Amino acid sequence: MSNNFLIVLSGPSGVGKGTIVTRLLARGNYALSVSATTRPPRKGEENGKSYFFLSREEFAKGIKEGGFLEYSEHFGNFYGTPKKFVDEKLKKSDVILEIDVDGALAVRKSHPAALLIFILPPSREELRNRLLSRGSEDVKKIEERLERTEYELSKSGEYDYRIVNDELERAVEEIESAIALEKRRKND
Ligand code: 5GP
């Protein structure tokens with residue numbers, strides 16, 4: 001069996017997961033899983049890079065064929081982790097999944113060795129400000145995301161690590177230390 005890790009990163013919308021992932025990819029030997037979604041692309045998002053953008057029919061077909069490691073629905077759209085894509089990447093390196101809490105807990109069931117890391121905002125106010133300054137969505141959508149935040153925070157206790165993203169470099173280092181520690185434990 002490969003010694004590579006499945007690393008699951010979750011946290012509320014706007015907490016800075018994307019930036020953290022970019023840093024991790026630049027620093028270490030990680031591959032990023034690209035999820036499939038039925039939501040339309042935001043400005044600047046590319047098919048196959050940010051997400052695989054699928055129609056609802058294509059997504060339903062994927063579910064039926066058992067093509068997703070996990071999937072869930074948010075804000076009326078489906079999101080899922082393509083199984084084959086992740087299995088291929090895992091042969092070569094650790095793989096990072098950036099998915100929501102329901103997906104993460106489903107992954108833990110199918111992959112008990114997966115490392116679950118939850119990214120926390122410094123405060124709720126800070127999170128709200130970050131979402132507003134992103135400017136990519138209207139206020140109603142932002143309110144929906146903040147409501148979802150409360151649910152996600154309520155599940156954060158089930159994760160292996162909880163890391164506060166108050167300072168990017170420190171948060172990234174904490175994540176790397178957590179991964180290194182878990183690898184040592186596994187190899188002991
Ligand atoms: P967004 O629309 O902001 O890109 O993502 C909305 C939510 O979907 C985020 O909480 C994100 O973590 C989650 N998400 C993205 N990809 C997946 C996936 O493959 N599976 C699951 N369960 N959630 C995902």
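Use the structure listed above.
Residues numbered from 1 in each chain as written. Predicted model: local features only at pLDDT ≥ 70, side-chain atom pairs only at ≥ 80, totals over all residues. Heavy atoms only, no water.

Along the chain, the position of Gly18 falls in helix 1 (residues 17-27). As a C-alpha pair, Gly18 and Glu45 span 27 residues in sequence and 12 Å in three-dimensional space. (Helix = DSSP H or I, 4+ residues; strand = E, 2+ residues; numbered from the N terminus.)

Before going further, it helps to spend a moment on the packing of aromatic side chains. Scanning the model with the defined rule gives eight aromatic pairs in all. With centroids separated by 5.8 Å and ring planes inclined at 65 degrees, the aromatic side chains of Tyr51 and Tyr79 adopt a geometry described as edge-to-face. Here Tyr79 lies in strand 6 (residues 77-82) and Tyr51 lies in the loop between strand 3 (36-37) and strand 4 (52-53), a separation of 28 residues in the sequence. For Tyr51, a relative accessible area of 18% translates into the label buried. Among the aromatic residues, ring-to-ring pairing joins Phe59, Phe68, Tyr71 and Phe78 into one connected group. (Phe/Tyr/Trp six-rings, centres within 6.5 Å; stacked < 30°, edge-to-face > 60°. Buried < 20%, exposed > 50% of the residue type's maximum accessible area, 1.4 Å probe, protein only.)

Before going further, it helps to spend a moment on the sheet that holds strand 7 (residues 94-98). What links the strands of a sheet is backbone hydrogen bonding, and the strands pair in either a parallel or an antiparallel sense. Taken in spatial order, the five strands make up an open sheet running 2-7-1-8-9, and their pairing is parallel. Looking at the sheet topology across the chains shown, the edges are occupied by strand 2 (30-32) and strand 9 (161-164). Shown here is a sheet whose adjacent strand axes are inclined to one another by a mean of 25 degrees, direction ignored. For strand 2 and strand 7, the ladder comprises three bridges, and the chain directions are parallel. For Tyr30, the partnering residue across the bridge sits in strand 7 and is Asp94. Strand contacts of helix 3 (residues 83-90): strand 1 (6-10), strand 2 and strand 7, with the helix running at about 145 degrees to strand 7, the strand carrying the most contacts. Across the face of the sheet, helix 4 (residues 101-110) comes into contact with strand 1, strand 7 and strand 8 (115-120) while running at roughly 160 degrees to strand 1. (Pairing = 2+ DSSP bridges. Axes fitted to C-alpha atoms, helices over the stretch in contact; angles between N-to-C directions. Contact = heavy atoms within 4.5 Å.)

Not every one of the 16 residues close to the ligand is listed here, only the nearest: Ser35, Arg39, Tyr51, Tyr79 and Asp100. Taking Gly80, its main chain carries an N or O atom lying 3.1 Å from an oxygen atom of the ligand. Contacts to the ligand include Thr81, whose side-chain N or O atom sits 3.4 Å from an oxygen atom. Isolated, the ligand exposes 510 Å² of accessible area, and the fraction of that covered by the protein chains is 93%. Counting residues per element, the ones that place at least two in the shell around the ligand are strand 5 (68-74) and strand 6. (Near = heavy atom within 4 Å. Polar contact = N/O pair within 3.5 Å; in protein donor to acceptor, adjacent residues only side chain to side chain. Areas by Shrake-Rupley, 256 points an atom, 1.4 Å probe, with all protein chains shown as cover.)

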